[in-house]
Amino acid sequence: MTQRAKIDTDSGDTPGTPVETEPPVVHRPAGLTSAEVAERVARGEVNDVPVRSSRSTADIVRANVFTRFNAIIGVLWVIMLIVAPIQDSLFGFVIVANTGIGIIQELRAKKTLDGLAVIGEAKPTVRRDGRAAGISTSEIVLGDLIELGPGDKVVVDGVVAEADSMEIDESLLTGEADPVVKRPGDPVMSGSFVVAGGGAFTATKVGREAYAAQLAEEASRFTLVHSELRSGISTILKYVTWMMVPTAIGLIISQLVVKDNDLKNSIARTVGGIVPMIPEGLVLLTSVAFAIGVIRLGRKQCLVQELPAIEGLARVDVVCLDKTGTLTEGGMDVTEVRVLNGSDEAYVRKVLGALGESDPRPNASLQAIIDAYPDAEEWRCTESLPFSSARKYSGAAFSEGDGEESTWLLGAPDVLLPHGDPNLAEMDHLNEEGLRVLLLARTVHELDSPDVAKDARPTALVVLEQRLRPDAADTLAYFADQNVAAKVISGDNAVSVGAVAGKLGLPGADHTVDARTLPSGREEMATVLDENAVFGRVTPQQKRDMVAALQSHGHTVAMTGDGVNDVLALKDADIGVSMGSGSEATRAVAQIVLLNNSFATLPSVVAEGRRVIGNITRVATLFLTKTVYSVLLAILVVVSQIEYPFLPRHLTLLSTLTIGVPAFFLALAPNKERAKPHFVRRVMRYAIPGGVVAAAATFTTYLLARHHYTGADALGAETSAATLTLFLVSMWVLAIIARPYTWWRIALVATMGGAFLLVLAVPWLQDFFALKLVGTTMPWAAVAVAAAGAAVLELAWRWVDRRFPA
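Residues numbered from 1 in each chain as written. Predicted model: local features only at pLDDT ≥ 70, side-chain atom pairs only at ≥ 80, totals over all residues. Heavy atoms only, no water.

Our next topic: the overall build of the protein chain. Looking only at helices and strands, one finds 27 helices and 21 strands in the protein chain. For the protein chain, the accessible surface area stands at approximately 33300 Å², while carbon and sulfur atoms represent 59% of it. (Helix = DSSP H or I, 4+ residues; strand = E, 2+ residues; numbered from the N terminus. Areas by Shrake-Rupley, 256 points an atom, 1.4 Å probe, with all protein chains shown as cover.)

Turning our attention to the sheet that holds strand β20 (residues 575-579). In a beta sheet, neighbouring strands are held together by backbone hydrogen bonds and run either parallel or antiparallel to one another. Reading across from one edge, β8-β21-β20-β19-β9-β16-β18-β17 is the order of the 8 strands in this open sheet, with mixed pairing throughout. A strand with exactly one partner marks an edge of an open sheet, and here the two such strands are β8 (302-304) and β17 (512-514). Averaged over all adjacent pairs, the angle separating strand axes in this sheet is 20°, with direction ignored. Strand direction decides the pairing type here: strand β9 (residues 318-321) and strand β19 (residues 557-561), joined by 3 bridges, are parallel. Bridge assignment links V318 to a residue of β19, and that residue is V557. Here helix α18 (residues 540-552) sits on the sheet in contact with β9, β16 (485-489), β18 (534-536) and β19, set at roughly 160° to β19. (Pairing = 2+ DSSP bridges. Axes fitted to C-alpha atoms, helices over the stretch in contact; angles between N-to-C directions. Contact = heavy atoms within 4.5 Å.)

Mapped onto the fold, K392 is located in the loop between β11 (380-385) and β12 (393-399). Of note is the side chain of K392, whose polar atom sits 3.5 Å from the backbone oxygen of G491. Excluding anything up to four places from it in sequence, K392 contacts F387, G411, A412, V415, G491, R537, V538 and T539. (Polar contact = N/O pair within 3.5 Å; in protein donor to acceptor, adjacent residues only side chain to side chain.)

Once that is clear, we can look at a negative patch on the surface. On the surface, a cluster of negative charge is made up of E523, E524, D530 and E531. With respect to the helices and strands, E523 occurs in helix α17 (residues 522-531). With a relative accessible area of 46%, E523 lands in the partly exposed category. (Patch = residues over 30% accessible without salt bridge, like charges linked within 9 Å, V, L, I, M, F, W, Y side chains within 5 Å. Salt bridge = Lys/Arg side-chain N within 4 Å of Asp/Glu carboxyl O. Lys, Arg positive; Asp, Glu negative; His and termini not counted. Charge placed at Lys NZ, Arg CZ, Asp CG, Glu CD. Buried < 20%, exposed > 50% of the residue type's maximum accessible area, 1.4 Å probe, protein only.)

Axis separation between helix α22 (residues 648-667) and helix α24 (residues 714-737) bottoms out at 9 Å; the angle between their running directions is 10°. Taken together, the axes of α22 and α24 are roughly parallel relative to one another. On the side of α22, the interface is formed by H650, L651, L654, L657, T658, P662 and L666, while α24 contributes T719, T723, L726, F727, S730, M731, L734 and I737. Of the residues in the contact of α22 with α24, the class split is 10 nonpolar, 5 polar and no charged. (Parallel < 35°, antiparallel > 145°, perpendicular 65-115°, else oblique. Nonpolar A, V, L, I, M, F, W, Y, C, P; charged D, E, K, R; others polar.)

Before going further, it helps to spend a moment on the pairing of β12. Within a regular beta strand, the side chains point alternately toward one face of the sheet and then the other, so they alternate between its two faces. Of all the 7 residues making up β12, 6 are buried; the element is thus mostly covered by neighbouring parts of the structure. In the sheet, β11 pairs with β12 via 5 bridges, with the strands oriented antiparallel. If you follow E383 over to β12, its bridge partner there is A397. Pairing of β12 with strand β13 (residues 405-411) involves 7 bridges; the strand directions are antiparallel. The residue of β13 that forms the bridge with S399 is E405.

Residue pairs three or four apart in sequence face the same way in an α-helix, which turns once every 3.6 residues. Taken as a whole, α22 carries its principal kink of about 50° at T656. Judged by how many residues are buried, α22 sits mostly within the fold: 15 of 20 residues are covered. (Bend = angle between axes of the 7 residues up to and from the residue.)

The biggest cluster of nonpolar side chains holds 129 residues, and the ones touching the most others in it are I592 and F756. In terms of residue count, the dominant contributor to this core is helix α21 (residues 602-640) (16 residues). Leaving out residues up to four positions away in the same chain, F756 has contacts with L653, L654, L657, T723, L724, F727 and L771. (Core = buried A, V, L, I, M, F, W, Y, C linked by side-chain atoms within 4.5 Å.)

Time to look at a nonpolar patch on the surface. A contiguous nonpolar surface patch, about 270 Å² in accessible area, is contributed by V61, V65 and F66. As for its position among the elements, V61 is in helix α2 (residues 57-65).

The topology assignment puts S598 in the loop between β21 (592-594) and α21. Classification of S598 as buried rests on a relative accessible area of 15%. Separated by 298 residues in the primary sequence, S598 and K300 have C-alpha atoms spaced 9.8 Å apart. The contacts of S598, once residues within four sequence positions are left out, are R469, D471 and M579.

Turning our eyes to something else, we now look at the pattern of salt bridges. Two side chains of opposite charge can pair, provided their charged atoms sit close to one another. Under the definition given, this model contains 21 salt bridges. Here R338 ties to E336 by a salt bridge, and the two come within 2.8 Å at their closest N and O atoms. Judged by relative accessible area, R338 falls into the partly exposed class, the value being 23%. Across the salt bridge formed by R537 and D414, the nearest N and O atoms sit 2.8 Å from each other. One end of the pair, R537, is in the loop between β18 and α18; the other, D414, is in helix α13 (residues 413-416), with 123 residues separating them in the sequence. Assessed through its relative accessible area of 7%, R537 is described here as buried. On the basis of relative accessibility, which here comes to 14%, the residue D414 falls in the buried class. Overlapping salt bridges bring together D414, D514, R516 and R537 as one network.

The subject of this paragraph is the environment of S720. Mapping S720 onto the fold places it in helix α24. For the pair S720 and V774, spaced 54 residues apart in sequence, the C-alpha to C-alpha distance is 8.3 Å. The residues touching S720, leaving out its near neighbours within four places in the chain, are A770, L771, K772 and L773.

Our next topic: the side chain of S365. By the element assignment, S365 lies in helix α12 (residues 364-372). Owing to a relative accessible area of 7%, S365 belongs among the buried residues under this scheme. In this structure S365 touches M332, R436, L438 and L464, once residues within four positions along its chain are discounted.

Turning to the environment of T326, a few remarks are in order. Here T326 shows up in the loop between β9 and β10 (328-339). Accessibility expressed as a relative area gives 0% for T326, which makes it buried. In this view, T326 contacts L321, R469, T560, G561, M579 and F599; residues no more than four positions away in its chain are not counted.

Moving on, we get to unusual backbone geometry. Cis geometry marks the peptide bond from R739 to P740, where omega comes out at -5°. Within the secondary structure, P740 is located in the loop between α24 and α25 (743-761). Phi is positive for D455, which is not a glycine, with a value near 60°. If you trace the backbone, D455 turns up in the loop between β14 (436-443) and β15 (457-468).

Let's shift gears to the packing of α17 against α18. Two measures define how a pair of helices packs: the angle their axes make with one another and the distance between the axes. The N-to-C vectors of α17 and α18 enclose an angle of 85°; their axes lie 8 Å apart at closest approach. Between α17 and α18, the crossing angle belongs to the class labelled roughly perpendicular. Of the residues in α18, those in contact with R522, M525, A526, L529 and D530 of α17 are D545, M546, A548, A549, L550 and S552. Taken together, the residues of the contact of α17 with α18 break down into 7 nonpolar, 1 polar and 3 charged.

A word on the pairing of β13. With 6 of 7 residues buried, β13 is to be regarded as a mostly interior element. Taken together, β12 and the strand that follows it, β13, pair antiparallel across an intervening segment of 5 residues, in which G403 is found at a positive phi of about 95°. Pairing between β13 and β14: 5 bridges, direction antiparallel. Each residue of the ladder has a partner; that of L409, found in β14, is A441.

This brings us to the packing of aromatic side chains. Enumeration according to the criterion identifies 10 aromatic pairs in this entry. Ring geometry for Y239 versus W242: centroids 5.4 Å apart, planes at 75°, classification edge-to-face. In this pair, Y239 and W242 are both assigned in helix α7 (residues 228-258), 3 residues apart and thus about one turn of the helix distant. Residue class for Y239 comes out partly exposed when judged on its relative accessible area of 43%. Here Y347 and W379 contribute two aromatic rings whose centre-to-centre distance is 5.7 Å and whose plane-to-plane angle is 55°, an arrangement assigned as tilted. In this pair, Y347 sits in helix α11 (residues 345-358) while W379 sits in the loop between α12 and β11, placing the two residues 32 residues apart along the sequence. Taking the ring centre of Y239 as reference, the NZ or CZ of K238 above it sits at 5.7 Å. (Phe/Tyr/Trp six-rings, centres within 6.5 Å; stacked < 30°, edge-to-face > 60°. Lys NZ or Arg CZ within 6 Å of the ring centre and 35° of its normal.)

Purely spatial values, then, with no claim about function.
Structural data, given as structure tokens:
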């Protein structure tokens, strides 16, 4: 049993109170002195774990510059600078520019993230020189006395120095779901968190020696891993490398050995065949799109702690909302106290005031009571039982001013009262109005008794009014419009939760499920969850089970919350979203933190995720279509033992106009479509037929041109005709990818087409890019072949849509 007493800060006795009844003054440890802290800092006994919110500048530069494909292109670029005109080396300058853009955007994202991380950083309360103050985690030294309260995360390893009914959840470290009661002398591990009560502990291991130091560093680091998009792109690049190496070797042998051509021209055409096989802009564009997404969200005070969270939110089809702090604002107001069983209202007010004073870290409900009822000075708390989400009630034992002793419970009426109690009917009526109701009951049992709530005598109903978030209704409407199912999961009374959800217009709010009636089997639970939207009296473990049940039915689940009772569910959800004002524990496990505490920010986050993922999926088809047709053209050239039709300058021009510039704009365009799984399959089902058609049409035109043209300049004319066909087919691919059309998408496609016509029409551009259409027969034949290719492409993609739906 934990003894609690108020500290008497007056120099004399309390007037009107006998001296002999005063409890002894409690002397709290003062913590380290400033001199002791300085000594430990000098010895390096500091919590110096480098927790970063983003990659270092060196990592960003390294990741953008030192890539496999940049190495290949770099070697080819050097070769071209030696053997060919500068216009055949343009692809190298494009890569340099693209890499620079990628570095700049990621550095901007890093700056945004680091700034937000400072705002959202946890500030543990440390007692030094007898005063408690919040400091940065990195400033903690060995031997510091660190205070803890509900929701606080244990940031370093230590030993409990003070404990006031302190319960710590170590499930994130041990997997054990039940909270552990901690007493003075017990060890605490970094990574655990307080679920009830409070106290203080002395730091015994700091920095990298702490149990969870490495885990904490990795968990909070800005990362690009565990992303279907990134792993999908890596898979594609792996296959591209396998195709590219043998094809490139065959092309080199074909152009340099088999054909007895001018060496420099052969090298130029060989490089021209290898460079477009590399989808070099795809990885870059992905990084840029993610980085810009982080910057956009950062402007809305949204901290993305793990980059794949942007992608994950784009795939979400169920969002689980905790009512308190998400749909409602944190604060509450006491609207009424209804006394029961003939109790004296003045006495009830004294009890409520004393209960408020008994908890040094009150939750929102108790804070409303504290605001409404001042402490009864003559009452002294002798024992306390802090609120727990699992229990649904708190309690305290008092020595009243007249020497009387009493023990009280304050919590959920339907938990404290037996089923069928007449007082529950009155509570149900209040809950139907969306009001929150607490029961004040007197118990004859000790607080540490397992039967403490048994035979408790109802004394009063405390009616609390919750403040609805003004933006909650619009946010729920957004999710409904976007086909994202919203599930309200709360520990509060089911009827009350349903009333709040009903006021906000949530479909299904009229049929609320009491979680105590939920089946325990995962499959059965998932069925009930699919059929209903509002759940009350949910325990923390049930929240976790409900997330797992939804996931078992193939749902991608986002979970929002701000209290310690949400931590387990946030950790297991596909995406955890915490409010900035939430507990340290929730902010630590969440991938996204809404620093402005605005639930209305969530649609922006979902929209940003959908924009990034949907657009990258869209433009990836452009890049990989080019890879497919480049590999096929090289194979056809090797098999046919003829000159490769293009110089690097031709494909640089085509790539810029049909892929590079359009992809940049398309990647940043609005996109509300929910991201779908199987990224590789969805991209390749379009890229393969697109590449095959483009290669076939281009090679057909090239063969026709070889039969049509003769003479010394025939190769230049053949190349120009083949380039025209390839450009037109690639433009048709772009036109399909750009759908559905808007004015700016049409303008984008038209501008790219106009730019190519400009090259064909302006003499010095003709010379620069070695493009000159000779005669009228072959150019029009090239257009006809391209038109046939476009028609086949339309039919092929429509067949793919039917045969291989996404």
